[in-house]
Structure formats: structure tokens, C-alpha cells
Amino acid sequence: MLNFLNEGILFLMTDPYAVPLDRTTHTKLTLLADAWSTSPSEAVSRLIEHFWDSPATPSPAPPTRGSNGSVAVHALYEGQRIDGHFDPATRSLTIPEGPGAGHHRTPSGAASAVLHALKPKIHTNRNGWSFWTVDATGEPLQSIRAST
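A brief report on the enclosed structure follows.

About the criteria used
- Once a new chain begins, its residue numbering starts again from 1 and follows that chain's sequence as written.
- Local features in this predicted model are restricted to residues whose pLDDT is 70 or higher, and side-chain atom pairs enter the listing and the counts only when it is 80 or higher, whereas totals over whole chains, interfaces and linings include all residues.
- Note that the side-chain values use all heavy atoms of the structure and ignore hydrogens as well as water.
- Numbering of helices and strands runs from the N terminus; a helix is a DSSP stretch of H or I covering at least four residues, while a strand is a stretch of E covering at least two.
- Summary of the burial criterion: residues with accessible area below 20% of their type's maximum are buried, those above 50% are exposed, and those between are partly exposed, where the area comes from a 1.4 Å probe applied to protein chains only.
- Only heavy atoms matter for contacts: two residues are in contact if any of them lie within 4.5 Å across the pair.
- Put simply, two rings from Phe, Tyr or Trp (the six-membered ring, in Trp's case) pair if the centres are within 6.5 Å, and we call them stacked under 30 degrees between planes, edge-to-face over 60, tilted for the rest.
- We call a set of buried Ala, Val, Leu, Ile, Met, Phe, Trp, Tyr and Cys residues a nonpolar core when their side-chain atoms join them within 4.5 Å.
- Expected helix span is computed as 1.5 Å times (number of residues minus one).
- For this analysis, a polar contact is any N or O atom pair within 3.5 Å, provided that within protein one partner can donate a hydrogen and the other can accept it, and provided that sequence-adjacent residues contribute only side-chain to side-chain pairs.
- Here, a strand pair is defined by DSSP locating no fewer than two bridges between the strands.
- Patch building starts from residues that exceed 30% relative accessible area and form no salt bridge, then joins like charges within 9 Å and nonpolar side chains (Val, Leu, Ile, Met, Phe, Trp, Tyr) within 5 Å.
- The protein chains shown are the only cover counted for residues, whose accessible areas, like all others here, come from Shrake-Rupley with a 1.4 Å probe.
- In what follows, salt bridge is the name for a side-chain nitrogen of Lys or Arg lying within 4 Å of a carboxyl oxygen of Asp or Glu.

## Side note on the environment of Ile82
Within the fold, Ile82 resides in strand β4 (residues 80-87). Under the relative-accessibility criterion, Ile82 is labelled buried at 1%. On a C-alpha basis, the gap between Ile82 and Gly98 in space is 6.9 Å, while along the polypeptide they are 16 residues apart. Other than its neighbours up to four places away in sequence, Ile82 contacts Val73, His74, Ala75, Tyr77, Ile95, Pro99, Val114, Leu118 and Trp132.

## Observations concerning the packing of aromatic side chains
Here the structure, examined in full by the defined rule, presents three aromatic pairs. Aromatic side chains Tyr77 and Phe131 sit 6.3 Å apart centroid to centroid with 45 degrees between the ring planes, which places their arrangement in the tilted category. Of this pair, Tyr77 sits in strand β3 (residues 71-77) while Phe131 is found in helix α4 (residues 128-131), placing the two residues 54 residues apart along the sequence. Comparing Tyr77 with Phe131, the two get one shared label, buried.

## Regarding the nonpolar core
Of all hydrophobic cores here, the largest spans 18 residues; its most connected members are Val73, Phe86, Leu93, Ile95, Phe131, Trp132 and Leu141. In this structure, Leu93 is in contact with Val73, Gly84, His85, Phe86, Gly102, His103, His104, Thr106, Pro107, Ala110, Trp132 and Leu141, ignoring residues within four places of it in sequence.

## Comments concerning unusual backbone geometry
Negative phi characterises most residues that are not glycine, and trans characterises most peptide bonds. The phi dihedral of Ser37 falls on the positive side, at around 55 degrees, and the residue is not glycine. Note on placement: Ser37 falls in the loop between α1 (23-35) and α2 (40-53).

## What about α1?
For α1, with 13 residues, the first-to-last C-alpha span of 18 Å sits near the 18 Å given by 1.5 Å per residue. The residue sitting at the N-terminus of α1 and contributing the capping side-chain oxygen is Asp22; that oxygen lies 3.0 Å from the backbone nitrogen of Thr24. Remark: Ser37 follows α1 within two positions and exhibits a positive phi of approximately 55 degrees.

## A look at the sheet that holds β4
In space, the five strands of this open sheet follow the order β6-β5-β4-β3-β7, with antiparallel pairing throughout. The outermost strands of the open sheet, each flanked by one partner alone, are β6 (102-104) and β7 (133-134).

## Here we look at a nonpolar patch on the surface
A cluster of nonpolar residues, Val44, Ile48 and Trp52, forms a patch on the protein surface that exposes about 350 Å² of accessible area. Mapped onto the elements of the fold, Ile48 is located in helix α2.

## Some thoughts on the side chain of His104
Looking at the secondary structure, you find His104 in strand β6. His104 sits in the buried class, given a relative accessible area of 15%. Only 2.7 Å separates the side chain of His104 from the backbone oxygen of Gly100, close enough to count as a polar contact. Ignoring any residue separated from it by four or fewer positions in sequence, one finds His104 in contact with Ser92, Leu93, Ile95, Gly109, Ala110 and Ala113.

See below:
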């Protein structure tokens, strides 16, 4: 028999595999079991099986590449969206139109061009790998840096 004290309440548990739950968790588990028309124990088993069989973390989708192999990216600065195309082969970034438009040797160079166009009086050095976002994933450009 297992005895333990939780928040001033003495629990006597005869099952060595019993898991103590706080009141809120017990209520949620009971509601879930009722919704599934099963016992709380079976609800826990089903949840464990579901997560046991699922991959720990889903693999991110690879970024969509254009016909020329470029990856669509964008930056948000001062409420403005600037679209661009990152070329993994050359690690260059092209901004087709708008602030900073042109071909830039690096993502950081492209970021600096955008900043210079929008706020010419500020220090424009920026890390382009974190400034640009991959359209397909919403992750920073840094997320595909190793695969390029």
C-alpha cells in the first residue's frame, strides 16, 4: 500500500501503478473519458498510444523552390513587406521591386539595402539570415542555411 500527502490530503493507494492527479487534471481526464465512453484508465492508455505512435517532431516541409531553384523569402520592416528570392547555389538574394530592389551578393547585403531605402539615417548593418523569412515555412532564412 502506498501512502502520500498532497496539499494536506492523505491518499491511500493500494495499486502500486496508480498515478496521483491534482483535482483539475482528474476532472479533465474524467471529461475526456466520458466523451470517449471509456474509463479514465483507458483514456490515458489511448493518449499514450497516440503519442507513442506519433513522430516526436514533424519534419519541416522543404522550402518551395522556383523554376530557377530560388527560394521565395520576405521581410517585414516598418509595416512593409518586401519580397525576395534567395538563390541557395550562390547564396545571393534578389529583391525584384520596392525598397532595396536589385541583386545582392548576400542576404545581409539585401537587408542593408532595404533598411537604407526605408530609413537612410540609421545604421543599416543587419544579419540577413535572421532578417529574411522563408515564405513556405515562416522560419528565418537561417533555417535553410545549412542545407544550401
